[in-house]
Amino acid sequence: MSAPRLHIGDRNYSSWSMRPWLALRHGGIAFDEVMHALPELGGKPVFGAISPNARVPALDLGEGVVIAESLAICEWAAEQQPTLWPRESNTRALARAAAAIMHSGFPNLRNDAPMNIRRRTDAGRLTADGLADAEKVDALWRGWMARSGGPFLFGQWSVADAMYAPVVTRFVTYAIPRSPEAQGYLDRMWAEPHFAAWVDSAEAETRKLPRSDEA
Ligand SMILES: N[C@@H](CCC(=O)N[C@@H](CS)C(=O)NCC(=O)O)C(=O)O
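What counts as what
- Starting from 1, residues in each chain are numbered consecutively following that chain's sequence as written.
- A pLDDT threshold of at least 70 governs which residues receive local features in this predicted model, and a stricter bar of 80 or more applies before side-chain atom pairs are shown or counted, although totals over entire chains, interfaces and linings include all residues.
- The side-chain quantities take in all heavy atoms of the structure and omit both hydrogens and water.
- Two strands are counted as paired when DSSP detects at least two bridges linking them.
- Note on conventions: DSSP H or I runs of at least 4 residues are helices, E runs of at least 2 residues are strands, and numbering of each starts at the N terminus.
- Axes, fitted as lines to C-alpha atoms, cover a helix only where it is in contact. Angles between the N-to-C directions of the axes lie from 0 to 180 degrees.
- Should any heavy atoms of two residues lie within 4.5 Å, those residues are counted as being in contact.
- The rule for a residue being near a molecule or strand is that one of its heavy atoms must lie within 4 Å of it.
- Polar contacts here mean pairs of N or O atoms no more than 3.5 Å apart (in protein, one a potential hydrogen donor and the other a potential acceptor; neighbouring residues in sequence count only if both atoms are side-chain atoms).
- A 1.4 Å probe and the Shrake-Rupley method give the accessible areas. Residues count as covered only by the protein chains that appear here.
- Residue classes follow a fixed rule: Ala, Val, Leu, Ile, Met, Phe, Trp, Tyr, Cys and Pro count as nonpolar, while Asp, Glu, Lys and Arg count as charged, and any other residue, Gly among them, counts as polar.

## Let's talk about the sheet that holds strand E2 (residues 32-36)
Spatially, four strands are ordered E2-E1-E3-E4 in an open sheet, and the strand pairing comes out mixed. Both edges of this open sheet fall to E2 and strand E4 (65-68), since each of them pairs with a single strand only. Averaged over neighbouring strand pairs, the angle between their axes works out to 20° when direction is ignored. Relative to E4, strand E3 (residues 58-62) is paired through four bridges, and the arrangement is antiparallel. Note that in E4 the partner of Ala58 across the bridge is Ala68. Relative to the sheet, helix H2 (residues 70-80) contacts strand E1 (5-9), E3 and E4, its axis offset from that of E4 by approximately 120°.

So, in structure tokens, the structure goes:
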């Protein structure tokens, strides 16, 4: 049987692709990856042939089974490798909620500060609503780590950390103000080998998306 194939977008820009890629790597699950160039702003959807939602990421399991949506792919990974969620039931439920909060939330932060791992700029381009989203993330991180004792959001690295990984890069790209606890989390995430491998390859990419690089 051939390995699952993960369709992803440019590593520098595709925040949704980063999440399941990290979960699969942390789970020690073998997979092939297929890279696709993300469309320019206003471009026609180009991923219709890849995935049911015409987006990346998508995980092709073969025999016509294609899993769309980053969180669903992370859940598949956790079925193969259950340590991707915390073991204790309440903690696991909190981690799942944290992942869902990220998947459906913080639209202002996402709009104001698109993931762009290579870029270094300041927080001036964030709206008050975008900054309020970032403050909310910081407060949630602090609460979760205070409860778990760290080093990651719910103790050992979990899918919840995969879901917040692109936000970690946004704090750095846009020099977003943060608490000391959030800074500690950023440092630990940045030092983690799979995260670092993604960042290294993002930095090696040369394709530019003007909508993110020049805005
Ligand atoms: N809710 C989806 C979002 C996926 C998504 O928006 N992917 C972007 C790339 S990061 C995409 O495919 N954009 C292409 C387009 O909009 O045509 C998920 O969690 O996977």
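## So, the site of the ligand
By nearness alone, every residue bordering the ligand is listed as Ser14, Trp16, Leu38, Pro39, Pro45, Phe47, Arg55, Val56, Pro57, Glu69, Ser70 and His103. Side-chain polar atom of Glu69 to a nitrogen atom of the ligand: 2.7 Å apart, as the coordinates give it. Interatomic distance of 2.7 Å between a side-chain N/O atom of His103 and an oxygen atom of the ligand. Alone, the ligand offers 510 Å² of accessible surface; in the complex the protein occludes 82% of this. Residue classes in the shell around the ligand are distributed as seven nonpolar, three polar and two charged.

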